Amino acid sequence: MVLVTFSKRSQLISFLKYQNCNIYLLQETHGISKLEGWEGFSIFNPGTNLSCGVTILFSSSFNPKILDTKLDSRILSVKFLITIRFLTLLTYIHQIFRPAVKLFFNNLHSFFFHDSKLCIGGDFTCLMSDLDKHGG
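Residues numbered from 1 in each chain as written. Predicted model: local features only at pLDDT ≥ 70, side-chain atom pairs only at ≥ 80, totals over all residues. Heavy atoms only, no water.

## A few points about the nonpolar core
Move 1: The biggest cluster of nonpolar side chains holds 10 residues, and these are I43, V54, I56, F58, F62, L76, V78, F80, L87 and L89.
Move 2: Of all the elements in the fold, those that place two or more residues in this core are β3 (54–58), β5 (75–82) and β6 (85–97).
Move 3: Not counting the four nearest positions on each side in its chain, I43 is found in contact with V54, T55, I56, F58, I66, L76 and V78.
Move 4: Counting eight residues, the second largest nonpolar core, distinct from the first, contains I13, L26, F44 and L57. (Core = buried A, V, L, I, M, F, W, Y, C linked by side-chain atoms within 4.5 Å. Buried < 20%, exposed > 50% of the residue type's maximum accessible area, 1.4 Å probe, protein only. Helix = DSSP H or I, 4+ residues; strand = E, 2+ residues; numbered from the N terminus. Contact = heavy atoms within 4.5 Å.)

The structure is reproduced here in structure tokens:
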């Protein structure tokens, strides 16, 4: 089980606030479904306490109108409205083995929302063979 201590959590929040951004895409959040101390809006796809988990955090000064969400065990896709534009944010975590790369990208479109601009972020590690996975 991965434990996120108060100290780690407060360090993460301090680091993110120092970045002074409106939107943060986090991967490998390991079962976290709430980030204590985060003052802005957040959307979680927690995964398990051992792996996965993706989160989108919005700063407290940035309040988009959330229109829709899609998720599976490793993907979180959110459609929202800012001013007069629709935007889809998609964050993803996965190690993709080469045979699955084409299949993954051929199906990724199912998480897009039509009529919106798309922004994708995440961990798109592509492993060419088992030898690329040092240490398990």
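Following the structure, the description resumes.
## Let's talk about the pattern of salt bridges
Move 1: Evaluated as defined, the whole model comprises two salt bridges.
Move 2: Note that D115 and K79 form a salt bridge whose closest N and O atoms lie 2.8 Å from each other. Placement of the pair is D115 in the loop between α2 (98–107) and β7 (117–127) and K79 in strand β5, with a sequence separation of 36 residues.
Move 3: By relative accessible area, which is 48% here, D115 ends up partly exposed.
Move 4: Classification of K79 as buried rests on a relative accessible area of 12%. (Salt bridge = Lys/Arg side-chain N within 4 Å of Asp/Glu carboxyl O.)

## Description of the sheet that holds β3
Move 1: One open sheet accounts for three strands, arranged β1-β3-β2; its pairing is antiparallel. Either end of the sheet is taken by a strand with one partner, and the two such strands are β1 (23–27) and β2 (42–45). With strand direction ignored, the average angle separating the axes of adjacent strands in the sheet is 10°.
Move 2: Where β2 lies against β3, four bridges are found, and the strand directions are antiparallel. (Pairing = 2+ DSSP bridges. Axes fitted to C-alpha atoms, helices over the stretch in contact; angles between N-to-C directions.)

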